[in-house]
Structures are given as structure tokens and as C-alpha cells.
Amino acid sequence: MNYLEAIVMGAIQGITELFPVSSLGHAVLIPALLGGQWSRDLSVSAPESPYLAFIVGLHVATALALLVFFRRDWARIIRGFFSSVRYRRIRTAPERLAWLLILATIPVGVTGLLLEHTFRTVLGKPVPAAIFLMVNGVILGGGELLRRRRDPAVNRSAALNGPGLDAADLRAPSAQDPDALGDDAALAEVPRWRAVAIGAVQTLALLPGISRSGVSMVAGMAVGLSHREAARFSFLLATPVILAAGLLKLPDLFGPLGASIHGQVLAGSATAFVAALLAVAFLDRYFRTRTLVPFAVYSLVAGAASLGWLLLHG
């Protein structure tokens, strides 16, 4: 792996891990579409590929970017966790949110430990990734259609102000922006079983092409969250999952697989950190007034175009 490959894939990882378009799908498809040395150097399905150790570094960098951006949120959540343990009760919004995140992390954590290797080696190939990217577009588009049918306020705001406005914009400013209140009331109101369901759908992201943030956002909107609330819950939920996945495989980075690419890992991770920080800052503002529709269209078009190219040049 050379430094150009490392920097390009680091930037793509940082963006696509948070944009609802699947980082794993892009990690599989882009090297295959570029071909040549890229396809030889960057293969996630090869069992002994240094690319796997490289991706570990990118995941840790992305999780650190999320921690930096949501540092105030995590400070409240961590304080809430320890206060709930200390006083043996769950009363405040940060206390409840802390336990909701713990419960929601369990399904994807267990499934990832059991099935990640199998899914990656069997399905981590270009053609399945292109197909699942199209499926991702259907999920995102379907989530938006269901939300519009369920929530008349969305339809009214779209008719009056254009399709980009979210129902959350019809609320008072202090209610649509949790940080303005300094609490996590909106997310803390999610019932426990629904939080677990949102966490469980993240297991679909083991399929290359299915977006972790995308499916969890759709699930969040299905239980009544606005786009921004669903995105925020998705990012908070993804942080420990991505960080744990990276740290669990950190020995690979310092073992034989990563022995010759430490410099490339540092370059790629630094790029991924900056890209992820910019991506989450953009999306936090984007989902105040916009929807998943552009990402659904992108997933369908990019998946179909990739599949056509691969079948023609396979």
C-alpha cells in the first residue's frame, strides 16, 4: 500500500462512515473500480491483507472524531451513567440516554463478534457490495416515504416550504436543538425496546453496501425522531461500536499484517479524522432542514453504475 492509496481511502472512510452511503461498500468498490494496483493492494475479503490492519486505524480515527465533535454530549452521558450507578436510579435525561445507548449497543456488538469475519470474507467482494449499495438506497428512500405517510406535518411543510424541510423545523427553536437546552430529553424519551431495535438494525451494516448510519437513522425516524434527532442518536450509538471494533483488532495493526504500513496507517488515519470531523459537522447542520433522499438517489445510481461496470469488465 502506498501513501496515495492511504490518504484517498482515509478521506473516503471518514466521509462515508458518517454519510449514509456505507464506508465498507466504498472500501470494497473503489479499489475494484480503479483496478490495477489498487485492486491488488486493497482487498477486504483477503484473509491476510494489510488493508484490514489499515482499516482498523481508520475506524479508530473516525470514532475519535465523533468523540471530539460530541464531547459535551458524551461528558453529560458519562456523568449520567455514573450518577445512575451511584444513586441506583435512572431519573434524568442523560442517565436514561446512557443506558439506552448501552442496551442498543449489545445486539450489534454480539453479532459483529460472531459474524463479522464470515460476512466480510464471503460478501466483501465488489458485485455483492454494488448490489447491497442499491439495497441501501431502497432502505433510505423507503424510510422517507414511510415518514411522509405517517407524519402529516412533514407533508404540510414540504408543500409550503419545499421538500427539504423536516417536521422538526415546525417546533420552537429551543425544542429542535437539544444543545440549546443542554440536555438529551428528545432522545431519552425513546422506549427501551425501540432503542434496542435501532441498535439491532446496525447489524445490517455488516453487509458491504449497507450504511450503519443510514439504517439506524431510518429506524430512528420510524419510532418518531426527527432527521436531526435520528442522526444524532445514530452518531452517538456508532461511536462506541466503531471504537470497540477498531480497538478489538488493534493487535492486527501492530502484528505481521501491519508491520510494513505504519506510516501509511498514520497518514490515512489523520486524513480520516479530519474528513470525519468535517462530515459530522456538515451532517449535523444538514439534517436540521434536509432529508435522506439525496443519499438514497446516490446509493441507487452509484450501486447500479458500479454493478454494470463490474459485470461488463469482470
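These numbers were taken from a predicted model, which means no experiment stands behind them. (Residues numbered from 1 in each chain as written. Predicted model: local features only at pLDDT ≥ 70, side-chain atom pairs only at ≥ 80, totals over all residues. Heavy atoms only, no water.)

## With respect to helix H13 (residues 212-222)
And then number 1: Within H13, ten of the eleven residues are buried, leaving the element largely enclosed by the surrounding structure.
And then number 2: What H13 keeps buried is the set Arg-212, Ser-213, Gly-214, Val-215, Ser-216, Met-217, Val-218, Ala-219, Gly-220 and Met-221.
And then number 3: Remark: Gly-224 follows H13 within two positions and exhibits a positive phi of approximately 105 degrees. (Buried < 20%, exposed > 50% of the residue type's maximum accessible area, 1.4 Å probe, protein only. Helix = DSSP H or I, 4+ residues; strand = E, 2+ residues; numbered from the N terminus.)

## Some words on the confidence of the model for the chain
And then number 1: Residues with a pLDDT of 70 or more make up 88% of the chain, whose mean pLDDT is 85.
And then number 2: When pLDDT is averaged over each element of the chain, helix H17 (residues 293-313) comes out on top at 96 and helix H9 (residues 173-176) at the bottom at 38.
And then number 3: Note that residues 156-183 has pLDDT below 50 and, in this model, 46 contacts with residues that lie over four places away or in other chains. (pLDDT = per-residue confidence, 0-100. Contact = heavy atoms within 4.5 Å.)

## Some details on a nonpolar patch on the surface
And then number 1: There is a patch of nonpolar side chains on the surface, built from Ile-102, Ile-106, Val-110, Leu-113, Leu-114, Leu-115 and Leu-248 and spanning about 670 Å² of accessible area.
And then number 2: With respect to the helices and strands, Leu-114 occurs in helix H6 (residues 93-123).
And then number 3: A relative accessible area of 64% means that Leu-114 is categorised as exposed. (Patch = residues over 30% accessible without salt bridge, like charges linked within 9 Å, V, L, I, M, F, W, Y side chains within 5 Å. Areas by Shrake-Rupley, 256 points an atom, 1.4 Å probe, with all protein chains shown as cover. Salt bridge = Lys/Arg side-chain N within 4 Å of Asp/Glu carboxyl O.)

## A short note on the packing of helix H1 (residues 3-16) against helix H2 (residues 23-34)
And then number 1: As a packed pair, H1 and H2 sit with axes 9 Å apart at the nearest point and diverge in direction by 150 degrees. In terms of orientation, H1 lies roughly antiparallel with respect to H2. In this structure, H1 crosses over H2, and the sense of that crossing is right-handed. Here H1 contributes Met-9, Ile-12, Gln-13 and Thr-16 to the contact with H2, which in turn contributes Ser-23, His-26, Ala-27, Ile-30 and Pro-31.
And then number 2: Its residues placed into classes, the contact of H1 with H2 shows five nonpolar, four polar and no charged. (Axes fitted to C-alpha atoms, helices over the stretch in contact; angles between N-to-C directions. Parallel < 35°, antiparallel > 145°, perpendicular 65-115°, else oblique. Left-handed = near helix turned anticlockwise from the far one by under 90°. Nonpolar A, V, L, I, M, F, W, Y, C, P; charged D, E, K, R; others polar.)

## Topic: the environment of Thr-105
And then number 1: The topology assignment puts Thr-105 in helix H6.
And then number 2: Put simply, Thr-105 and Leu-237 are 132 residues apart on the chain and 6.9 Å apart in space, counted from C-alpha to C-alpha.
And then number 3: Of note is the side chain of Thr-105, whose polar atom sits 2.6 Å from the backbone oxygen of Leu-101. (Polar contact = N/O pair within 3.5 Å; in protein donor to acceptor, adjacent residues only side chain to side chain.)

## With respect to the nonpolar core
And then number 1: Grouped together as the largest cluster of nonpolar side chains are 41 residues, with contacts concentrated most on Phe-233 and Phe-295.
And then number 2: Looking at this core, the elements with two or more residues in it are helix H4 (50-69), helix H5 (71-87), H6, helix H12 (192-201), H13, helix H14 (227-248), helix H16 (262-289) and H17.
And then number 3: Take this core: its biggest share by element is eight residues, from H14.
And then number 4: Those residues in contact with Phe-295 that sit more than four places away from it in its chain are Phe-19, Pro-20, Val-21, Leu-140, Leu-283, Tyr-286 and Phe-287.
And then number 5: Within the second largest apolar cluster, 28 residues are counted, among which are Ala-6, Ile-12, Leu-257 and Leu-307. (Core = buried A, V, L, I, M, F, W, Y, C linked by side-chain atoms within 4.5 Å.)

## Quick look at the environment of Leu-310
And then number 1: With respect to the helices and strands, the residue Leu-310 is situated in helix H17.
And then number 2: Note: C-alpha distance between Leu-310 and Leu-29 (281 residues apart in sequence) is 9.4 Å.

## Re H5
And then number 1: Between its first and last C-alpha atoms H5 spans 24 Å; for 17 residues at 1.5 Å apiece the expected length is 24 Å, and the two agree.
And then number 2: Residue Arg-88 follows H5 closely and has a positive phi angle near 55 degrees. (Expected span 1.5 Å × (residues − 1).)

## Notes on the packing of aromatic side chains
And then number 1: Here the structure, examined in full by the defined rule, presents eleven aromatic pairs.
And then number 2: Both rings, one in Phe-81 and one in Phe-82, keep their centres 5.2 Å apart while their planes meet at 75 degrees; by these two values the pair is edge-to-face.
And then number 3: Ring centres 6.1 Å apart and planes at 45 degrees place the aromatic pair Phe-287 and Phe-295 in the tilted group. (Phe/Tyr/Trp six-rings, centres within 6.5 Å; stacked < 30°, edge-to-face > 60°.)

## Brief notes about the pattern of salt bridges
And then number 1: What the rule picks out here adds up to six salt bridges.
And then number 2: As a salt-bridge pair, Asp-284 and Arg-288 come within 3.9 Å of each other at their nearest N and O atoms. Taken together, the positions of Asp-284 and Arg-288, both in helix H16 and four residues apart, correspond to about one turn of that helix.
And then number 3: With relative accessibility at 13%, the residue Asp-284 sits in the buried group.
And then number 4: Several salt bridges share partner residues, and in doing so they unite Asp-73, Arg-76 and Arg-232 into one network.

## Concerning the side chain of Gln-202
And then number 1: Positionally, Gln-202 belongs in the loop between H12 and H13.
And then number 2: Judged by its relative accessible area of 1%, Gln-202 falls in the buried class.
And then number 3: Ignoring any residue separated from it by four or fewer positions in sequence, one finds Gln-202 in contact with Val-108, Arg-212, Val-215, Ser-216, Leu-237, Ala-238 and Val-241.

## What to know about unusual backbone geometry
And then number 1: For Ser-22, which is not glycine, the phi dihedral falls at a positive 75 degrees.
And then number 2: Mapped onto the fold, Ser-22 is located in the loop between H1 and H2.
And then number 3: Ser-22 gets classed as buried once you look at its relative accessible area, which sits at 2%.
And then number 4: Within the chain, Arg-88 stands out as a residue other than glycine whose phi angle is a positive 55 degrees.

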